[in-house]
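Next come the chains, spelled out residue by residue.
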Amino acid sequence: MNITEITERLLAAKKQKGLSFADLGKIVGRDEVWIAALFYRQASASGEEALKLTAALNLGQDIAGALTDFPLKGLGVVVPADPFLYRFYEILQVYGMPLKAVIQEKFGDGIMSAVDMTLTVAREQDPHGDRVRLTMSGKFLPYKKW
């Protein structure tokens, strides 16, 4: 079974059951973005997590087993050379499709504006090493029909 087939089966079962990523996150005990990342094969589940998810979606052992495999992460082949930029590229490669799915599930078919948005950076003190907090707040722009 290839990654596309796994993702298609998971999404079809989710739709058929009328469940959101947040609903599934509560069942599995994980965040909705992590569940979406699992659907798009950007994360791997433990055996217990895979069984909880597939039971909720009435999917078989073949899917549960595949969800525990370590996925090949990323979506493309163009890689920035700058290490700082590469980390943002990596974040989008791993979480881009899951974030798109969760945002569109909450807002509908559209995009987040990069023109009408704010982006803030903050430093968080952490005993294991300071952390970077990025906050993006972009206007949602629904696609129009004509």
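Heads up: the structure comes first, above all this text.
No experiment lies behind these values; they were computed from the predicted model shown.

Draft legend 1. Geometry of the packing of helix 3 (residues 32-39) against helix 6 (residues 83-107). Where helix 3 meets helix 6, the closest approach of the two axes is 8 Å, and the angle between their N-to-C directions is 120 degrees. Comparing their axes, helix 6 and helix 3 come out oblique. Of the two possible hands of crossing, helix 3 and helix 6 adopt the one that is right-handed. In this structure, helix 3 uses Glu32, Val33, Ala36 and Ala37 to contact helix 6, whose residues at the interface are Tyr95, Pro98, Leu99, Val102 and Lys106. Grouping the amino acids of the contact of helix 3 with helix 6 by side-chain chemistry returns 7 nonpolar, no polar and 2 charged.

Draft legend 2. Molecular detail of the nonpolar core. Formed by 26 residues in total, the largest nonpolar core has its most connected members in Leu10, Phe39, Leu53, Leu57 and Leu67. Among the elements of the structure, helix 1 (3-17), helix 2 (21-28), helix 3, helix 4 (47-56), helix 5 (61-67) and helix 6 are those that each provide at least two residues to this core. Among the elements that make up this core, the one with the highest residue count is helix 3 (6 residues). Excluding anything up to four places from it in sequence, Leu10 contacts Phe39, Leu53, Leu57, Leu59, Ile63 and Leu67.

Draft legend 3. Local environment of the pattern of salt bridges. Evaluated as defined, the whole model comprises 8 salt bridges. A salt bridge links Arg30 to Glu49, with the nearest nitrogen and oxygen atoms 2.6 Å apart. Of this pair, Arg30 sits in the loop between helix 2 and helix 3 while Glu49 sits in helix 4, placing them 19 residues apart in sequence. Note on Glu49: relative accessible area 10%, which makes it buried. The salt bridge partner of Glu124 is Arg133, with a shortest N-O separation of 2.3 Å. By relative accessible area, Glu124 is classed as partly exposed at 25%. Residue Arg133 is classed as partly exposed on the basis of its relative accessible area, which comes to 44%.

Draft legend 4. Structural view of the side chain of Glu32. Of note, Glu32 is situated in helix 3. Look at Glu32 and you get buried, because its relative accessible area is 17%. At a separation of 3.4 Å, a polar atom in the side chain of Glu32 contacts the side chain of Lys106. With near-sequence residues (within four places) excluded, Glu32 lies in contact with Phe21, Ala22, Val102 and Lys106.

Draft legend 5. Representation of the environment of Thr68 in the model. By the secondary structure assignment, Thr68 is in the loop between helix 5 and helix 6. On the basis of relative accessibility, which here comes to 30%, the residue Thr68 falls in the partly exposed class. Sequence separation between Thr68 and Ala45 is 23 residues, and the spatial gap between their C-alpha atoms is 4.8 Å. Ignoring anything within four residues of it in the chain, the contact list for Thr68 reads Ser44, Ala45, Ser46, Gly47 and Ala50. A distance of 2.7 Å separates the side chain of Thr68 from the backbone oxygen of Gly65, its partner in a polar contact.

Procedures and definitions
Residues numbered from 1 in each chain as written. Predicted model: local features only at pLDDT ≥ 70, side-chain atom pairs only at ≥ 80, totals over all residues. Heavy atoms only, no water. Axes fitted to C-alpha atoms, helices over the stretch in contact; angles between N-to-C directions. Helix = DSSP H or I, 4+ residues; strand = E, 2+ residues; numbered from the N terminus. Parallel < 35°, antiparallel > 145°, perpendicular 65-115°, else oblique. Left-handed = near helix turned anticlockwise from the far one by under 90°. Contact = heavy atoms within 4.5 Å. Nonpolar A, V, L, I, M, F, W, Y, C, P; charged D, E, K, R; others polar. Core = buried A, V, L, I, M, F, W, Y, C linked by side-chain atoms within 4.5 Å. Buried < 20%, exposed > 50% of the residue type's maximum accessible area, 1.4 Å probe, protein only. Salt bridge = Lys/Arg side-chain N within 4 Å of Asp/Glu carboxyl O. Polar contact = N/O pair within 3.5 Å; in protein donor to acceptor, adjacent residues only side chain to side chain.

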